[in-house]
Amino acid sequence: MGLTVFAFEASPPCRGVFITLKALGLEYELKQIDTKAGDTRTPEYLEKNPQHTVPLLEDGDLYLAESRAISTYLVNKYAPDSDLYPKDPEARALVDSRLFFDVGLNTALLHILKPLKYDGDIARSDAAIPALLDLINIFEAMLAKSEYAAGDHVTLADLAIVANVSTAEAMGLDLSGVPKVRAWLDKIKQLPCYEANVQGVTQLGVMYKEGSTALRAKAQ
Amino acid sequence: MPAMGVDIFGVQGSPPCRAVYLVAKAIGLDYTFNKVDMQAGQHRSPEFLKMNPAHTVPTMKDGDLCLGESKAIITYLMNKYAPDSELYPKDPAERAKVDQRLHFDSGLFSSIRGIVFPVLFNKNLEEFKKNKPKLDENLDLLETFLGRSQNVAGEKVTVADLAVLANVSTVQAAGLLEKDKWPRISAWLTRLQTQLPYYSVNVEGANMLGEAVKKGIAELGA
């Protein structure tokens, strides 16, 4: 039967799942979702996912929302011995902690992107940038303690966080103050699975740069 | 089951902290509660930042392991101290359903924070009004979930119920859980409050925060 993912490429949490699927070598069918066109609000979609969000995983009878729950499920179910999500409780806890930290990163990103996409409100969008940079500074402090996001090797935490941090970079946000984050980003970009992030992050970066530039010009 | 070294750093009011206390009590885990003086900035002290650079509560220390994020603390305590418990099932699909709801609960907490901040700190009626629909939307979702299964993540009580309980009990204490709008949530809440023998650990904090919010809303004239 196989896996199906309902998603759109620009979305960081969707990209987090794409990267994980690629890292695990899992095949899947992609069903394109256009949220602006109302694809997540149809009765059929709401039946599968009342939260009307992407990404959504379909695996047989199971419908699973929440990108990081999807990623941990994929390892637990299809690659339970993978280093990406270690079984040892302490090591696993650190990955989980970083995955929930990543939720905050994504929320902060949305506070910049949503006012732009839905309201054309550049002032509110720009005002939200410091909060994201604060979190990236916290990630810098986390990387002082370990080479990767959650320890000494690549885990699901890196694969999730890179979707958000690469987006900040593609948007042209100021990452000059976070050298460890930049070095970490370069390392993760070398991973074969990172390929699954490229198209979407480029798309989102271009969208943000064009959209924000246009609105700032209008505001002058 | 006593565990020699589990320290939880937190405060009473905070729902994510109370979610951790509920889980610890549920599995009979001894822990030391360390009150964090956030008003005095204790969570930004060098010692605290060493444990958790994100300077948030709850933070947990167990031997060499220091952990932020309530949900990660919860699943760690389960994996480490109660790995066979039904509160956090082992089957990948069943576990995923719980994880999914734990993430939903993070969003629920965010929307509660969206009420607490304008009411208690910013004293901003406009902001409260702007953010209230988001809380209501999350409650609507929870009502939908509880229409599909007895408990938040399925038929059995899991750590997802305990996390949501910490949040929803606060909403109720704030006078924001209208029974007519959310009958399933109200019934689920009453059932857990009555049936869980360890529920008492949540009461003081939920009432404290809830009542402060209730008072604040009245003062704003909302």
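Residues numbered from 1 in each chain as written. Chains lettered and ligands numbered in written order. Predicted model: local features only at pLDDT ≥ 70, side-chain atom pairs only at ≥ 80, totals over all residues. Heavy atoms only, no water.

Draft legend 1. Examining the interface of chain B and chain A more closely. Facing the 33 residues of chain B at the interface are 30 residues of chain A. Ranking the residues of chain B by area buried against chain A places B:Pro53, B:Gln100 and B:His103 at the top, with a combined share of 23%. Connecting chain B to chain A are 1 salt bridge. For B:Lys80, the salt bridge identified is with A:Glu90, shortest N-O distance 2.6 Å. (Contact = heavy atoms within 4.5 Å. Buried area = accessible area lost by both parts, 1.4 Å probe. Salt bridge = Lys/Arg side-chain N within 4 Å of Asp/Glu carboxyl O.)

Draft legend 2. Examining the domain arrangement of chain B more closely. Residues and elements named next belong to chain B. For chain B, the assigned domains read domain 1 (6-81) and domain 2 (92-220). Here the C-alpha centre of domain 2 lies 20 Å away from the C-alpha centre of domain 1. Counting from both sides, the interface comprises 17 residues of domain 1 and, opposite them, 23 residues of domain 2. Ranking the residues of domain 1 by area buried against domain 2 places Arg18, Leu22 and Lys71 at the top, with a combined share of 39%. For the interface between domain 1 and domain 2, the tally reads 1 salt bridge. Here domain 1 and domain 2 share 6 residue pairs in polar contact (both at pLDDT 80 or more) between them. If you list the elements that add at least two residues to the side of domain 1 that touches domain 2, you get α1 (15-26) and α3 (70-81). (Domains from an automatic or database assignment. Polar contact = N/O pair within 3.5 Å; in protein donor to acceptor, adjacent residues only side chain to side chain. Helix = DSSP H or I, 4+ residues; strand = E, 2+ residues; numbered from the N terminus.)

Draft legend 3. Representation of the pattern of salt bridges within the structure. All names here are of chain A. Within the structure shown, the criterion is met by 15 salt bridges over all chains. Between Arg68 and Asp102 there is a salt bridge, with the nearest N and O atoms lying 2.9 Å from each other. Linking Arg68 in helix α3 (residues 67-78) with Asp102 in helix α4 (residues 89-119), this pair joins segments that are 34 residues apart in sequence. Arg124 serves as the salt-bridge partner of Asp121, at 3.3 Å between the closest nitrogen and oxygen. Beyond isolated ion pairs, a larger network of salt bridges with shared partners links Asp119, Asp121 and Arg124.

Draft legend 4. The packing of aromatic side chains, seen in detail. Counted under the stated rule, the structure contains 11 aromatic pairs over all chains. Ring centres of A:Phe139 and A:Trp184 lie 4.9 Å apart, and the angle between their planes is 85°; on these two criteria the pair is classed as edge-to-face. In this pair, A:Phe139 is assigned in helix α6 (residues 129-143) and A:Trp184 in helix α8 (residues 179-189), connecting sequence segments 45 residues apart. With relative accessibility at 0%, the residue A:Phe139 sits in the buried group. Site record: aromatic cluster; members linked through ring pairs are A:Phe101, A:Phe139 and A:Trp184. Stacked on the ring of A:Tyr85, the Lys or Arg A:Arg92 has its end atom at 3.7 Å from the ring centre. Taking the ring centre of B:Phe145 as reference, the NZ or CZ of B:Arg101 above it sits at 3.4 Å. (Phe/Tyr/Trp six-rings, centres within 6.5 Å; stacked < 30°, edge-to-face > 60°. Buried < 20%, exposed > 50% of the residue type's maximum accessible area, 1.4 Å probe, protein only. Lys NZ or Arg CZ within 6 Å of the ring centre and 35° of its normal.)

Draft legend 5. Representation of the nonpolar core in the model. One finds A:Leu74, A:Leu132, A:Phe139 and A:Trp184 to be the most contacted residues of the largest nonpolar core, which totals 75 residues. Among the elements that take part in this core, α4(A) stands out by supplying 9 residues, more than any other. Not counting residues within four places of it along the chain, the set of residues in contact with A:Leu74 comprises A:Leu3, A:Thr20, A:Leu21, A:Leu24, A:Leu26, A:Leu57 and A:Ala79. Counting residues in each nonpolar core, the second largest holds 74 residues, with A:Ala93, B:Leu29, B:Leu65 and B:Ala160 among its members. (Core = buried A, V, L, I, M, F, W, Y, C linked by side-chain atoms within 4.5 Å.)

Draft legend 6. Highlighting the sheet that holds strand β4 (residues 65-68) of chain B. Residues and elements named next belong to chain B. Across the sheet, which stays open at both edges, the 4 strands sit in the order β2-β1-β3-β4 with mixed pairing between neighbours. Every other strand in the sheet has two partners, leaving β2 (32-35) and β4 as the edge strands with one partner each. On average, adjacent strands in this sheet sit at an angle of 20° to one another, irrespective of strand direction. In terms of strand pairing, strand β1 (residues 6-10) meets β2 through 4 bridges, oriented parallel. Paired with Ile8 across the strands is Phe33, a residue of β2. The strands touched by α3 within the sheet are β1, β3 (59-62) and β4, with β4 carrying the most contacts at an inclination of about 140°. (Pairing = 2+ DSSP bridges. Axes fitted to C-alpha atoms, helices over the stretch in contact; angles between N-to-C directions.)

Draft legend 7. Expanded view of unusual backbone geometry. Note that the residue after A:Val54, namely A:Pro55, is joined by a cis bond; omega there is 0°. A cis amide bond links B:Val57 with the next residue in sequence, B:Pro58, at an omega value of 0°. Position of B:Pro58 relative to the elements: it lies in the loop between α2 (46-51) and β3. You will see that B:His55, though not glycine, has its phi angle at about 45°, which is positive. Examined against the element boundaries, B:His55 turns out to sit in the loop between α2 and β3. The exposure class assigned to B:His55 is buried, which follows from its relative accessible area of 18%. Look at B:Glu69: it is not a glycine, yet its phi comes out positive at around 80°. Relative to the elements of secondary structure, B:Glu69 occurs in the loop between β4 and α3.

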